[in-house]
Amino acid sequence: MTGKQSLLFDKDVYVRCAATVVGKKEADGPLGEMFDVAVEDDMFGKKSWEEAESHIQEMAVDKLLIKSGMAASDIDYIYAGDLLGQLIATSFGLMRYEIPMFGLYGACSTMGEALSLGAMCINAGYAQNVIAIASSHFASAEKQFRYPLEYGNQRPVASTWTVTGAGAYIVGDKPLDKCVLIKGITTGKIVDYGVKDSMNMGACMAPAAAELIEANFKDLDVDKDYYDAIFTGDLGEIGNRILSELLKEKGIDIADKLYDCGMLIYEGETKCSGGSGCGCSAVVLGSCIMDRLIRGEYKRVLFVPTGALLSTVSYNEGKSVPGIAHGVILEGKES
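Residue numbering note: each chain is counted from 1, following its sequence as written. Given that this is a predicted model, residues contribute local features only at a pLDDT of at least 70 and side-chain atom pairs are listed and counted only at 80 or more, while totals for whole chains, interfaces and linings are drawn from all residues. Each side-chain value is derived from all of the structure's non-hydrogen atoms; neither hydrogens nor water enter the calculation.

What to know about the overall build of the protein
Step number 1: Each helix corresponds to a stretch of at least 4 residues labelled H or I by DSSP, and each strand to a stretch of at least 2 residues labelled E; elements are numbered beginning at the N terminus. In terms of regular secondary structure, the protein is built from 10 helices and 16 strands.
Step number 2: Note on method: radius of gyration uses C-alpha positions; expected globular size equals 2.2 Å times residues raised to 0.38. Rg of the C-alpha trace for the protein: 18 Å, near the compact-globule value of 20 Å for 335 residues, within the 12% margin.
Step number 3: Based on the C-alpha atoms only, the size of the protein along its principal axes is roughly 50 × 50 × 35 Å.
Step number 4: Counting over 335 residues, the protein shows a buried share of 59%.
Step number 5: Counting only contacts in the protein whose residues sit at least 6 apart along the sequence, the fraction spanning at least 24 positions is 78%.
Step number 6: Element-wise, carbon and sulfur atoms account for 49% of the exposed surface of the protein, whose accessible area totals about 13700 Å².
Step number 7: For the protein, the distance from the average position of its 31 positive side-chain charges to the average position of its 46 negative side-chain charges is 2 Å. The cut-offs for exposure are 20% and 50% of the maximum accessible area for each residue type, with area from a 1.4 Å probe on protein chains only; residues under the lower value are buried, those over the upper are exposed, and the others partly exposed. Only heavy atoms matter for contacts: two residues are in contact if any of them lie within 4.5 Å across the pair. Here the Shrake-Rupley method, with its probe set to 1.4 Å, supplies the accessible areas, and only the displayed protein chains count as covering residues. Charge assignment: positive for Lys and Arg, negative for Asp and Glu; neither His nor the chain ends contribute. For charged residues, the charge sits on one atom: NZ in Lys, CZ in Arg, CG in Asp, CD in Glu.

A look at helix H7 (residues 236-249)
Step number 1: Working rule for helices: expected span equals 1.5 Å times residues minus one. Taking 1.5 Å per residue, 14 residues should reach 20 Å; H7 reaches 20 Å between its end C-alpha atoms and fits that length.
Step number 2: Where H7 is buried, its residues touch helix H6 (201-220), strand E10 (229-232), strand E11 (258-260), helix H8 (261-266) and strand E12 (274-276).
Step number 3: Once H7 finishes, glycine 251 follows within two positions and takes phi at roughly 80 degrees, a positive value.

Observations concerning the packing of helix H2 (residues 49-68) against helix H5 (residues 138-145)
Step number 1: To obtain each axis, a line is fitted to C-alpha atoms, and for helices this fit is confined to the stretch in contact; angles are then taken between N-to-C directions over 0 to 180 degrees. Contact geometry of H2 with H5 gives a least axis separation of 8 Å together with a crossing angle of 135 degrees. If you check the angle between H2 and H5, you find them oblique. Note on packing geometry: the crossing formed by H2 with H5 is left-handed. Side by side, H2 and H5 meet where Trp49, Glu50 and Glu53 of the first sit next to Ala139, Ser140 and Lys143 of the second. Angle categories: roughly parallel below 35 degrees, roughly antiparallel above 145, roughly perpendicular from 65 to 115, and oblique for all the rest. Rotating anticlockwise by less than a right angle from the far helix to the near helix defines a left-handed crossing, while the corresponding clockwise rotation defines a right-handed one.

Brief notes about the environment of glycine 323
Step number 1: Relative to the assigned elements, glycine 323 resides in strand E15 (residues 323-325).
Step number 2: The buried category is assigned to glycine 323, whose relative accessible area is 0%.
Step number 3: Taking the C-alpha atoms as reference, glycine 323 lies 15 Å from glycine 236; in sequence the two are 87 residues apart.
Step number 4: Not counting residues within four places of it along the chain, the set of residues in contact with glycine 323 comprises Lys189, Ile190, Val191, Cys204, Ala208, Gly307 and Leu309.

Shape is all these values report; function is a separate question.
Pasting the structure below:
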């Protein structure tokens, strides 16, 4: 334990392999060529949006096992989650693998939560290989949290576009040729600044990201030079600006090292603030972030997926939208 919220692992824990599956819009974006699988049909050959999201998770795990040369029997646990009620995308999508599973809900921070818990399990010696996976689907999320697509509602500029995709990772105790090291984690707290606008997720989540980054710096006794880059999950353009200002108020000026997965995946191609959803940070991590670490462009980064902790019930009852963020310290294998 390092400080109040962080762990630095005393054994080497690796992200051994990654697999990403995305829809057409994501494949058409600036990171399109870096994803493992891109599907033109956002229904993924299924009868409903929810079935489509389950199939995305299944495709991601299949691709992960193929890339790693491993079988389902080699995996000790799965840590997985999505945005749908009672994690139905996860439970129906991963059922056939018959691997012991922990279902997780951290909203759009779920990828960070899954990697954190998986790494803790590996470091403690309870497993040799686990899978961490998270997914989202634009249409299933819109149907649950906002309006059905058939309604054709106008989207405000502050809104984000839920990514259709899934990122899956094998976390283990032995390295592979193209892998990265999980040096440690910082677990976030729930932070609520009283924002009630569910169409402005960036404003809801930015305070949690700011407090997580501050806690990480304090716990590790480091400054901004410790990291080559810090990647937040899905704050979008508006949330990213808010985060920069909140950090400056805390005496942390890292605007030149601050990147957002929601901004990177679309980069101005949607008429909204950026991308969001569990699948957003999950697929960006497995594409450009890990690639830059493996190639040596970065030696150390802080990966900070962010989540807005609301439901249709809480929103309709007039509650505010609390946020949470989880930090994962990633290093190139040779760092």
